[in-house]
Amino acid sequence: MKIDNKPSRQQPNDVYSALKNAEHILTGCGLRDAKSSAEILLSFILNTSRSKLFLIRTRELSENETAVFDDYILRRSKREPVEYITGFCGFMGYEFYVNENVLIPRPETELLTEEVLKEVKPGVLDLCTGSGCIAVSLAKSGLFKKITASDISEKALETAVKNAGLNGVQSVEFVKSDVFENLMDMKFDIIVSNPPYVSQEEYERLEPELGFEPKIALTAPDDGLFFYKKIAKQSGDYLNEGGMIFLELNANKSGEIKKIFQDAGFKHIKIINDYAGLPRILKAGI
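In this text, all values refer to a predicted model and were calculated from it rather than measured experimentally.

The rules behind the values
Residues numbered from 1 in each chain as written. Predicted model: local features only at pLDDT ≥ 70, side-chain atom pairs only at ≥ 80, totals over all residues. Heavy atoms only, no water. Helix = DSSP H or I, 4+ residues; strand = E, 2+ residues; numbered from the N terminus. Buried < 20%, exposed > 50% of the residue type's maximum accessible area, 1.4 Å probe, protein only. Lys, Arg positive; Asp, Glu negative; His and termini not counted. Charge placed at Lys NZ, Arg CZ, Asp CG, Glu CD. Pairing = 2+ DSSP bridges. 1 Å grid on protein atoms, 1.4 Å probe; cavity = no way out; pocket = protein on both sides within 12 Å on 5 of 7 lines; lining within 4 Å. Points joined across faces, edges and corners; volume = space filled by probe spheres on them. Nonpolar A, V, L, I, M, F, W, Y, C, P; charged D, E, K, R; others polar. Axes fitted to C-alpha atoms, helices over the stretch in contact; angles between N-to-C directions. Contact = heavy atoms within 4.5 Å. Salt bridge = Lys/Arg side-chain N within 4 Å of Asp/Glu carboxyl O. Phe/Tyr/Trp six-rings, centres within 6.5 Å; stacked < 30°, edge-to-face > 60°. Core = buried A, V, L, I, M, F, W, Y, C linked by side-chain atoms within 4.5 Å.

Engineer: Residues and numbers for the overall build of the chain, please.
Structural biologist: Looking only at helices and strands, the chain features 11 helices and nine strands. Structurally, the chain occupies a C-alpha span of about 95 × 40 × 30 Å along its principal axes. Counting only residues that meet the buried cut, the chain has 49% of its 286 residues in that class. Once the 36 positive and 42 negative side-chain charges of the chain are each reduced to a mean point, those two points are 3 Å apart.

This is the structure in structure tokens:
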């Protein structure tokens with residue numbers, strides 16, 4: 001019997017082939033963002049930008065790079081968000097650490113932050129700060145005299161403090177507080193918040209990726225309205241005269257939330273749509 005001593009042909013392991021294979025795997029798992037997920041993860045491993053991957057498409061991956069990329073693609077195939085895999089997320093042009101203790105910052109929250117930047121006043125409270133993305137971004141602007149950021153989660157606050165350091169911010173005061181509980185005798189000119197607002201019924205219909213994010217930061221009792229009612233009832237005691245409030249909204253309940261603040265005596269209430277045309281930001285004054 002003749003034995004063929006020719007070595008078996010190995011599967012190409014260059015950047016282009018690795019991306020195509022990863023995209024095929026993720027598409028097969030039903031991911032609509034298969035291509036972008038693969039590109040973001042590989043560019044992170046190679047410490048380059050997505051736009052430069054094409055320029056190095058023939059570069060061979062090392063064994064370690066291949067092993068890490070395979071692990072990342074496996075995790076993404078199980079619907080773990082890209083941001084948790086890399087541990088980073090961009091927000092307002094800055095970089096933020098993210099992990100299972102904080103929500104992944106989203107474009108809607110950038111819109112909320114941009115609205116606050118249009119109404120510069122001395123003192124700001126970022127309620128339910130999470131990763132600290134709002135407070136840190138406002139501090140980076142240099143437009144505010146004092147910024148306080150609070151959260152009930154100690155783990156979230158640790159991440160927020162880390163993000164302040166990552167972005168060279170030393171001016172934010174971080175306070176562990178269940179809404180206003182530990183903010184007694186403090187007054188602010190602006191209160192901004194992206195509170196938990198998903199009802200249990202809505203939570204059960206969310207994309208699988210949301211299952212990786214902290215449920216405490218997503219869901220709220222009372223059909224998702226609990227924190228809106230609490231903020232509407234109590235925030236007047238923590239706002240200076242002429243103070244303003246900015247909130248990210250559950251777009252499905254914007255009318256109900258607006259009425260909650262009307263009934264609490266807030267004035268000049270304005271609902272601002274997000275980039276998809278959905279009612280996403282509530283702006284009001286006392």
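Structure shown, so let's carry the discussion forward.
Engineer: Give me the pairing of strand S8 (residues 267–273): which residues, what numbers.
Structural biologist: As paired strands, S8 and strand S9 (residues 279–285) are joined by five bridges and run antiparallel to one another. Note on S9: the bridge partner recorded for lysine 267 is glycine 285. In this structure, the hairpin formed by S8 and S9 is closed by a connection of five residues, where glycine 277 is found at a positive phi of approximately 85°.

Engineer: Please provide a residue-by-residue account of the layout of surface pockets, values included.
Structural biologist: In this structure, the largest pocket spans a volume of roughly 1100 Å³. Around the largest pocket, the lining is made up of 47 residues, and of these Leu103, Asn194, Tyr197, Val198 and Leu218 lie nearest the centre. Classifying every residue of the lining of the largest pocket gives 25 nonpolar, 11 polar and 11 charged. Computed from the structure, the second largest pocket encloses a volume of approximately 320 Å³. Taken together, 18 residues line the second largest pocket, and the ones lying closest to its centre are Asp33, Arg76, Arg79, Pro81 and Glu209. Elements that contribute at least two residues to the lining of the second largest pocket include exactly helix H2 (34–45) and helix H4 (82–86). Counting residues per element, the lining of the second largest pocket draws most heavily on H2, which supplies three residues. Each residue belonging to the lining of the second largest pocket can be placed in one class, and the counts come to six nonpolar, three polar and nine charged.

Engineer: Describe the sheet that holds strand S6 (residues 188–193), naming the residues involved and giving the relevant values.
Structural biologist: Taken in spatial order, the seven strands line up as S5-S4-S3-S6-S7-S9-S8 in an open sheet, and their pairing is mixed. The open sheet has two edge strands with one neighbour each: strand S5 (172–176) and S8. Sheet twist, expressed as the mean angle between neighbouring strand axes with direction ignored, is 15°. Of the strands in this sheet, strand S3 (123–127), strand S4 (146–151), S5 and S6 touch helix H6 (residues 133–141), which is tilted by about 170° from S4.

Engineer: So what's going on with the pattern of salt bridges? Which residues, and what values?
Structural biologist: What the rule picks out here adds up to 18 salt bridges. Across the salt bridge formed by arginine 280 and aspartate 274, the nearest N and O atoms sit 3.1 Å from each other. Neither residue differs from the other here; arginine 280 and aspartate 274 are each classed as buried. Residues participating in the shared-partner salt-bridge network are Asp33, Arg76, Arg79, Glu207 and Glu209.

Engineer: Outline the packing of aromatic side chains, listing residues and values.
Structural biologist: Taken as a whole and judged by the stated rule, the model has seven aromatic pairs. With centroids separated by 6.2 Å and ring planes inclined at 45°, the aromatic side chains of phenylalanine 44 and phenylalanine 88 adopt a geometry described as tilted. Within this pair, whereas phenylalanine 44 is found in helix H2, its partner phenylalanine 88 is found in strand S1 (residues 88–91), the two being separated by 44 residues in sequence. The class for phenylalanine 88 is partly exposed, based on a relative accessible area of 25%. Judged by centre distance (6.3 Å) and plane angle (20°), the rings of tyrosine 197 and tyrosine 228 are stacked. Here the residue tyrosine 197 occupies a position in the loop between S6 and helix H8 (200–203), and tyrosine 228 occupies one in helix H10 (residues 226–234), the gap between them amounting to 31 residues.

Engineer: Account for the nonpolar core, with residues named and values stated.
Structural biologist: Grouped together as the largest cluster of nonpolar side chains are 33 residues, with contacts concentrated most on Ile191, Tyr228, Ile245, Phe261 and Leu282. Put simply, the parts of the chain that give this core at least two residues each are S3, S6, H10, strand S7 (239–248), helix H11 (254–263) and S9. In terms of residue count, the dominant contributor to this core is H10 (four residues). Those residues within four positions of phenylalanine 261 in sequence are excluded, and the remaining contacts are Tyr228, Ile231, Ala232, Ile245, Leu247, Phe266, Ile269 and Leu282. Leu112, Cys133, Leu138 and Ala149 belong to the second-largest nonpolar core, a separate cluster that totals 24 residues.

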